[in-house]
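Here is how the chains run, residue by residue.
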Amino acid sequence: MTASTRRTVLSLYMRVFRVARGWQALSGVAGDTEAERKYILQEAGTLFRQNQQLTDEESIKQCMEECEARIEMGLHYRNPYPRATYLPPLGLATQKGRKLKAQQRLRKQAKPVYLQSQDET
(Lines give C-alpha, C1' and ligand atoms only; values in the text may rest on other atoms or scores of the structure.)
Protein backbone atom coordinates (compact mmCIF):
# COMPACT_ATOMS: atom_id res chain seq x y z
CA MET A 1 0.00 0.00 0.00
CA THR A 2 1.40 3.37 -0.96
CA ALA A 3 1.56 6.26 1.46
CA SER A 4 -1.16 8.19 -0.36
CA THR A 5 -3.47 5.15 -0.38
CA ARG A 6 -2.86 4.62 3.32
CA ARG A 7 -3.65 8.27 4.01
CA THR A 8 -6.88 8.01 1.98
CA VAL A 9 -7.96 4.85 3.80
CA LEU A 10 -7.27 6.41 7.19
CA SER A 11 -9.19 9.56 6.23
CA LEU A 12 -12.16 7.37 5.22
CA TYR A 13 -11.95 5.56 8.55
CA MET A 14 -11.95 8.87 10.42
CA ARG A 15 -14.84 10.11 8.28
CA VAL A 16 -16.89 7.09 9.36
CA PHE A 17 -16.17 7.97 13.00
CA ARG A 18 -17.23 11.58 12.43
CA VAL A 19 -20.44 10.43 10.74
CA ALA A 20 -21.16 8.07 13.65
CA ARG A 21 -20.48 10.79 16.22
CA GLY A 22 -22.99 13.17 14.60
CA TRP A 23 -25.54 10.51 13.63
CA GLN A 24 -29.20 11.12 14.49
CA ALA A 25 -31.79 8.42 13.90
CA LEU A 26 -34.62 9.29 11.56
CA SER A 27 -37.12 8.35 14.26
CA GLY A 28 -35.57 10.83 16.71
CA VAL A 29 -35.62 8.29 19.55
CA ALA A 30 -32.42 8.35 21.61
CA GLY A 31 -32.30 4.54 21.83
CA ASP A 32 -32.48 4.21 18.05
CA THR A 33 -29.76 6.81 17.62
CA GLU A 34 -27.42 4.96 19.96
CA ALA A 35 -28.15 1.60 18.32
CA GLU A 36 -27.47 3.02 14.86
CA ARG A 37 -24.26 4.72 16.02
CA LYS A 38 -23.10 1.45 17.53
CA TYR A 39 -23.92 -0.38 14.29
CA ILE A 40 -21.94 2.15 12.21
CA LEU A 41 -18.88 1.77 14.43
CA GLN A 42 -19.09 -2.03 14.58
CA GLU A 43 -19.59 -2.38 10.83
CA ALA A 44 -16.71 -0.02 10.05
CA GLY A 45 -14.39 -1.79 12.47
CA THR A 46 -15.31 -5.22 11.12
CA LEU A 47 -14.89 -4.28 7.46
CA PHE A 48 -11.69 -2.31 7.92
CA ARG A 49 -10.14 -5.16 9.96
CA GLN A 50 -11.36 -7.70 7.41
CA ASN A 51 -9.67 -5.79 4.59
CA GLN A 52 -6.57 -4.78 6.52
CA GLN A 53 -4.35 -7.39 4.83
CA LEU A 54 -5.21 -6.35 1.26
CA THR A 55 -2.18 -5.39 -0.82
CA ASP A 56 -3.62 -5.27 -4.34
CA GLU A 57 -4.27 -1.65 -5.32
CA GLU A 58 -7.37 -2.56 -7.34
CA SER A 59 -9.07 -4.39 -4.46
CA ILE A 60 -8.15 -1.56 -2.07
CA LYS A 61 -9.71 0.91 -4.50
CA GLN A 62 -12.90 -1.18 -4.69
CA CYS A 63 -13.14 -1.26 -0.89
CA MET A 64 -12.67 2.51 -0.72
CA GLU A 65 -15.40 3.02 -3.33
CA GLU A 66 -17.71 0.77 -1.32
CA CYS A 67 -16.98 2.73 1.85
CA GLU A 68 -17.66 6.07 0.15
CA ALA A 69 -20.86 4.74 -1.42
CA ARG A 70 -22.14 3.40 1.91
CA ILE A 71 -21.35 6.70 3.66
CA GLU A 72 -23.14 8.73 1.00
CA MET A 73 -26.16 6.42 0.89
CA GLY A 74 -26.41 6.37 4.66
CA LEU A 75 -26.34 10.15 4.84
CA HIS A 76 -28.77 10.55 1.97
CA TYR A 77 -31.37 8.04 3.19
CA ARG A 78 -30.64 8.59 6.91
CA ASN A 79 -30.31 4.83 7.24
CA PRO A 80 -26.97 3.26 8.23
CA TYR A 81 -27.92 -0.25 7.13
CA PRO A 82 -27.04 -1.42 3.61
CA ARG A 83 -29.88 -1.39 1.12
CA ALA A 84 -31.06 -4.80 0.03
CA THR A 85 -31.04 -5.96 -3.56
CA TYR A 86 -34.06 -7.81 -4.80
CA LEU A 87 -32.92 -10.40 -7.29
CA PRO A 88 -34.69 -13.75 -7.31
CA PRO A 89 -32.26 -16.71 -7.09
CA LEU A 90 -32.50 -17.61 -10.79
CA GLY A 91 -34.06 -14.42 -12.07
CA LEU A 92 -31.37 -13.21 -14.46
CA ALA A 93 -31.59 -14.17 -18.11
CA THR A 94 -28.96 -16.59 -19.43
CA GLN A 95 -28.13 -18.15 -22.73
CA LYS A 96 -29.44 -21.61 -23.52
CA GLY A 97 -27.43 -24.43 -21.97
CA ARG A 98 -25.79 -22.30 -19.28
CA LYS A 99 -27.41 -22.68 -15.93
CA LEU A 100 -25.98 -22.26 -12.45
CA LYS A 101 -22.48 -20.93 -13.17
CA ALA A 102 -23.86 -18.27 -15.50
CA GLN A 103 -26.47 -17.30 -12.89
CA GLN A 104 -23.80 -17.01 -10.18
CA ARG A 105 -21.59 -14.87 -12.42
CA LEU A 106 -24.50 -12.61 -13.39
CA ARG A 107 -25.55 -12.21 -9.75
CA LYS A 108 -22.00 -11.24 -8.81
CA GLN A 109 -21.90 -8.68 -11.62
CA ALA A 110 -25.32 -7.31 -10.65
CA LYS A 111 -24.29 -6.74 -7.01
CA PRO A 112 -24.05 -2.98 -6.29
CA VAL A 113 -20.74 -1.50 -5.18
CA TYR A 114 -22.06 -0.72 -1.70
CA LEU A 115 -22.78 -4.42 -1.04
CA GLN A 116 -19.53 -6.00 -2.25
CA SER A 117 -18.43 -6.93 1.28
CA GLN A 118 -21.78 -8.47 2.26
CA ASP A 119 -22.08 -12.23 2.10
CA GLU A 120 -24.55 -13.83 -0.27
CA THR A 121 -27.68 -14.97 1.59
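Refer to the structure above for everything that follows.
Residues numbered from 1 in each chain as written. Predicted model: local features only at pLDDT ≥ 70, side-chain atom pairs only at ≥ 80, totals over all residues. Heavy atoms only, no water.

Engineer: Just checking my understanding: could you explain the overall build of the protein chain for this structure?
Structural biologist: In terms of helices and strands, the protein chain carries four helices and zero strands. The secondary structure elements of the protein chain, listed N-terminal to C-terminal, are α-α-α-α. In the protein chain, 59% of the contacts between residues at least 6 apart in sequence involve partners at least 24 apart. Accessible area for the protein chain stands at about 8800 Å²; split by element, carbon and sulfur atoms hold 54% of it. (Helix = DSSP H or I, 4+ residues; strand = E, 2+ residues; numbered from the N terminus. Contact = heavy atoms within 4.5 Å. Areas by Shrake-Rupley, 256 points an atom, 1.4 Å probe, with all protein chains shown as cover.)

Engineer: Would you take a moment to explain a negative patch on the surface for this structure?
Structural biologist: On the surface, a cluster of negative charge is made up of Asp 56, Glu 57, Glu 58, Glu 65 and Glu 68. According to the relative accessible area criterion, Glu 65 is partly exposed, its value standing at 36%. (Patch = residues over 30% accessible without salt bridge, like charges linked within 9 Å, V, L, I, M, F, W, Y side chains within 5 Å. Salt bridge = Lys/Arg side-chain N within 4 Å of Asp/Glu carboxyl O. Lys, Arg positive; Asp, Glu negative; His and termini not counted. Charge placed at Lys NZ, Arg CZ, Asp CG, Glu CD. Buried < 20%, exposed > 50% of the residue type's maximum accessible area, 1.4 Å probe, protein only.)

Engineer: Is there a simple way to explain the side chain of Ser 59 in this structure?
Structural biologist: Mapped onto the elements, Ser 59 comes out in helix H3 (residues 57-77). A relative accessible area of 17% means that Ser 59 is categorised as buried. A distance of 2.9 Å separates a polar atom in the side chain of Ser 59 from the backbone oxygen of Asp 56. (Polar contact = N/O pair within 3.5 Å; in protein donor to acceptor, adjacent residues only side chain to side chain.)

Engineer: Would you mind going over the nonpolar core with me for this structure?
Structural biologist: Residues Val 9, Leu 12, Val 16, Val 19, Ala 20, Trp 23, Ile 40, Ala 44, Ile 60, Met 64, Cys 67 and Ile 71 constitute the largest nonpolar core, which totals twelve residues. Those elements giving two or more residues to this core turn out to be helix H1 (3-21), helix H2 (30-50) and H3. Beyond its immediate stretch of four places on either side in the chain, Trp 23 contacts Thr 33, Glu 36, Arg 37, Ile 40, Gly 74, Leu 75, Arg 78, Asn 79 and Pro 80. (Core = buried A, V, L, I, M, F, W, Y, C linked by side-chain atoms within 4.5 Å.)

Engineer: Sorry, what's going on with unusual backbone geometry here?
Structural biologist: A negative phi angle characterises most non-glycine residues, just as the trans form characterises most peptide bonds. Despite not being glycine, Arg 78 shows a phi value in the positive range, around 55°. Within the secondary structure layout, Arg 78 lies in the loop between H3 and helix H4 (100-110).

Engineer: Teacher, can you tell me more about H2 here?
Structural biologist: Helical geometry: 3.6 residues make up each α-helical turn, so side chains three or four residues apart lie on a common side. Compared with an ideal rise of 1.5 Å per residue, which puts 21 residues at 30 Å, H2 spans 30 Å between its outermost C-alpha atoms and is within 8% of the ideal. Within the span of H2, buried status applies to Thr 33, Glu 36, Arg 37, Tyr 39, Ile 40, Glu 43, Ala 44, Gly 45 and Leu 47. Buried-residue contacts for H2 involve H1 and H3. (Expected span 1.5 Å × (residues − 1).)

Engineer: Looking at this structure, I do not really get the packing of aromatic side chains. What am I missing?
Structural biologist: To describe a pair of aromatic rings, one takes the distance between the centres and the angle between the planes. Per the counting criterion, the structure on display carries three aromatic pairs. Plain terms: the ring middles of Tyr 13 and Phe 17 are 4.9 Å apart, the flat faces sit at 90° to each other, and that makes the pair edge-to-face. Here Tyr 13 and its partner Phe 17 are both found in helix H1, four residues apart, which amounts to about one turn of the helix. Classification of Tyr 13 by relative accessible area gives partly exposed; the value is 24%. Ring centres of Tyr 39 and Tyr 81 lie 4.5 Å apart, and the angle between their planes is 50°; on these two criteria the pair is classed as tilted. Remark: Tyr 81 occurs in the loop between H3 and H4 and Tyr 39 occurs in helix H2; sequence separation between them is 42 residues. Ring pairs connect the aromatic residues Tyr 13, Phe 17 and Phe 48, which therefore count as one cluster. Just above the ring of Trp 23 sits the side chain of Arg 78; from NZ or CZ to the centre is 4.3 Å. (Phe/Tyr/Trp six-rings, centres within 6.5 Å; stacked < 30°, edge-to-face > 60°. Lys NZ or Arg CZ within 6 Å of the ring centre and 35° of its normal.)

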